[in-house]
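The lines below spell out each chain.
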Amino acid sequence: MKIQSIEIYKMPIAMEPFVIATGVMDYAQNLLVKIVTDEGGYGVGECSAFPMIVGETQETCFVVAQDLARLCLGKNPLDISERMHDFHRYISGNSTVKSAFDMALHDLAAKHEQVPLYRYLGGERRVISTDITIGMGTPDQMARAAKTLYDSQAVALKIKLGESPQQDIERMRAIRLAVGFDIPVRIDANQGWSYEEAVEALSGMEPLKVQFCEQPMRKFEDHLLPQLRSETIIPIMADESVYDHHDAERLCRTDSVDFINIKFSKSSGILEALKIQEIAAEYGIPCMIGGMLESRLALAAKVHFAYAASNIKFFDLDTCMVGHLEDPVIGGAIYRGYQVSVDDSPGIGADIDPDFLEKCEMTRLNFE
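These notes cover the structure that comes with them. (Residues numbered from 1 in each chain as written. Predicted model: local features only at pLDDT ≥ 70, side-chain atom pairs only at ≥ 80, totals over all residues. Heavy atoms only, no water.)

**As for the overall build of the protein**
Formally: In this description a helix means any DSSP run of H or I spanning at least four residues, a strand means any run of E spanning at least two, and both kinds are numbered starting from the N terminus. Atoms considered for the radius of gyration are the C-alpha atoms alone. The globule rule reads 2.2 Å times the number of residues to the power 0.38. Throughout, a contact is declared for two residues whenever any of their heavy atoms are within 4.5 Å. Per-residue and other accessible areas follow the Shrake-Rupley method at a 1.4 Å probe size, with only the shown protein chains counted as cover for residues.
Regarding its fold elements, the protein presents 14 helices and 16 strands. In terms of C-alpha radius of gyration, the protein reaches 20 Å, essentially the compact-globule figure of 21 Å for 368 residues. The C-alpha extent of the protein, read off along each of the three principal axes, is 65 × 40 × 35 Å. For the protein, the share of sequence-separated contacts (at least 6 apart) that also reach a separation of at least 24 residues comes to 74%. Just so you have it, the protein exposes about 14000 Å², and 49% of that area is on carbon and sulfur atoms.

**Concerning the nonpolar core**
Applied cut-off: Residues enter a nonpolar core if they are buried and are Ala, Val, Leu, Ile, Met, Phe, Trp, Tyr or Cys, with the set joined through side-chain atoms within 4.5 Å. Burial here depends on accessible area, computed with a 1.4 Å probe over protein chains only, as a share of the maximum for the residue type. Under 20% is buried, over 50% is exposed, and the range in between is partly exposed.
Among the nonpolar cores identified, the biggest contains 94 residues, and Leu157, Ile159, Ile187, Trp193, Met205, Ile260 and Phe305 are the most heavily contacted of them. The leading source of residues in this core is helix α13 (residues 296-308), at nine residues.

**What about the packing of helix α7 (residues 165-179) against helix α8 (residues 195-205)?**
Here is the rule: The convention used is that axes are lines fitted to C-alpha atoms, helices contributing only their stretch in contact, and that angles between N-to-C directions extend from 0 to 180 degrees. Angular relationships are summarised with four words: roughly parallel below 35 degrees, roughly antiparallel beyond 145, roughly perpendicular across 65 to 115, and oblique for the angles in between. Each helix crossing is assigned a hand: it is left-handed if the near helix lies turned anticlockwise from the far helix by less than a right angle, otherwise right-handed if that turn is clockwise.
The N-to-C vectors of α7 and α8 enclose an angle of 25°; their axes lie 9 Å apart at closest approach. Taken together, the axes of α7 and α8 lie roughly parallel to each other. Every pair of crossing elements has a handedness; the one defined by α7 and α8 is right-handed. Across the interface between the two elements, Pro165, Gln166, Asp168, Ile169 and Met172 of α7 pack against Glu197, Glu200, Ala201, Gly204 and Met205 of α8.

**Thoughts on helix α4 (residues 95-113)**
This is how it is decided: Working rule for helices: expected span equals 1.5 Å times residues minus one.
With 19 residues, α4 extends 27 Å from end C-alpha to end C-alpha; this agrees with the ideal 27 Å at 1.5 Å per step. Along α4, 16 of the 19 residues are buried, which leaves the element largely enclosed by surrounding structure. Just beyond α4, the residue with positive phi is Gln114, at close to 60°.

**Overview of the layout of surface pockets**
The test is simple: Here a cavity means grid points, on a 1 Å grid over the protein atoms only, where a 1.4 Å probe fits yet cannot get out; a pocket means an open set of points with protein on both sides within 12 Å along at least five of seven lines; lining residues are those with an atom within 4 Å of a point. Grid points are joined across faces, edges and corners, and a volume is the space filled by probe spheres set on the points. Any residue outside Ala, Val, Leu, Ile, Met, Phe, Trp, Tyr, Cys, Pro, Asp, Glu, Lys and Arg is labelled polar, Gly included; the first ten of those are nonpolar and the last four are charged.
As a volume, the largest pocket reaches approximately 370 Å³. Every residue lining the largest pocket is counted, 20 residues in all, and those nearest its centre are His88, Asp244, Ser267, Ser268 and Glu272. When residues of the lining of the largest pocket are traced back to their parent elements, those giving at least two are α3 (80-90), α4, α10 (245-253), α11 (264-267) and α12 (270-282). With four residues, the single largest contributor to the lining of the largest pocket is α3. Looking at the lining of the largest pocket residue by residue, the classes come out as four nonpolar, 10 polar and six charged.

**Considerations on the packing of α3 against α4**
With their axes 10 Å apart at the nearest point, α3 and α4 run at an angle of 165° to one another. In this view, α3 runs roughly antiparallel relative to α4, as classed from their interaxial angle. For the element pair α3 and α4, the recorded crossing hand is right-handed. Here Ile80, Arg83, Met84, Phe87 and His88 of α3 lie close against α4, whose contacting residues are Lys98, Phe101, Asp102, Leu105, His106 and Ala109. The residue makeup of the contact of α3 with α4, split by class, is six nonpolar, two polar and three charged.

**Description of the pattern of salt bridges**
Going by this rule: The working definition used for a salt bridge is a side-chain nitrogen of Lys or Arg within 4 Å of a carboxyl oxygen of Asp or Glu.
All told, the structure shown has 28 salt bridges when counted by the stated rule. Across the salt bridge formed by Lys10 and Glu59, the nearest N and O atoms sit 2.5 Å from each other. Of this pair, Lys10 sits in strand β1 (residues 3-20) while Glu59 is found in helix α2 (residues 58-72), placing the two residues 49 residues apart along the sequence. Salt-bridge contacts for Glu163 lead to Arg171; the nearest nitrogen and oxygen are separated by 2.8 Å. Judged by its relative accessible area of 7%, Arg171 is buried.

Set out below in structure tokens:
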């Protein structure tokens, strides 16, 4: 089997503005990769560029994807490890666009075996319930949003913070006043605080029953994480500080974090994500599976991954629930309230509506 052609689509998805500490996203900058073999089979993968976090845009992903496609045309798609090695050797970083290829290769491989992706990865079904995210706003705005979600039977809230400590404490107080203390509330500062601000903010929130704080400081302040943990009772989760299993090993070995958030857009996809959760498990550090602004196609791949990765204990799989104004996915992740699952179709079990793709800018590269 050889890769015969690769189609690359810019796949923007309209959405309500989503505000975090480092910026605003007013549409999902997504990309679709379709890998077609000489036997007629194909696999699809999606990535979602989030410039202020990973440093890639939809445009850079589109350009680099063409280089990656040229690297693997005519080669064996079932040797996923070797294909990813080729990508990493060719270009450093660019983990977001690499993740779309990783996902498409996994989709194709599982389809080749005629099994759902989670079984191809050696996993089993389990019940998964996602949290739901509240973007930054005024305390009153965020409290009203929290109450609406609480009344809709949300199982956990994820609160975007990362501005001034006192403003963030005020936001959290308003949210707890609105929803009480019987629902888990986790916070995400998206690297927004300095060390001193993190100490101030977390100390002020300790009475508010925060489940954990995700990425309080910039990655270049990782050396301060052990000290920060000694200053607060609120557990710390690393996100932007962990791109690969080497990052995970470093933070686990130095006792820097309580938890790790895994995202395909940081890890370059499923292959490396599995290594991260395995390293974390060796140190007794549970993980979360999260994401950027993916559609239900990439979300389905994350559910498959979570079925196969036993060290994933937290689920942040709400990306298309936080403001997407269109849904171009056929099949894909299935939501029943805040529970999310996939069916047993071969591969990821998702595709994009051809009518939607007709409107998207695309390019096709062929093996000759």
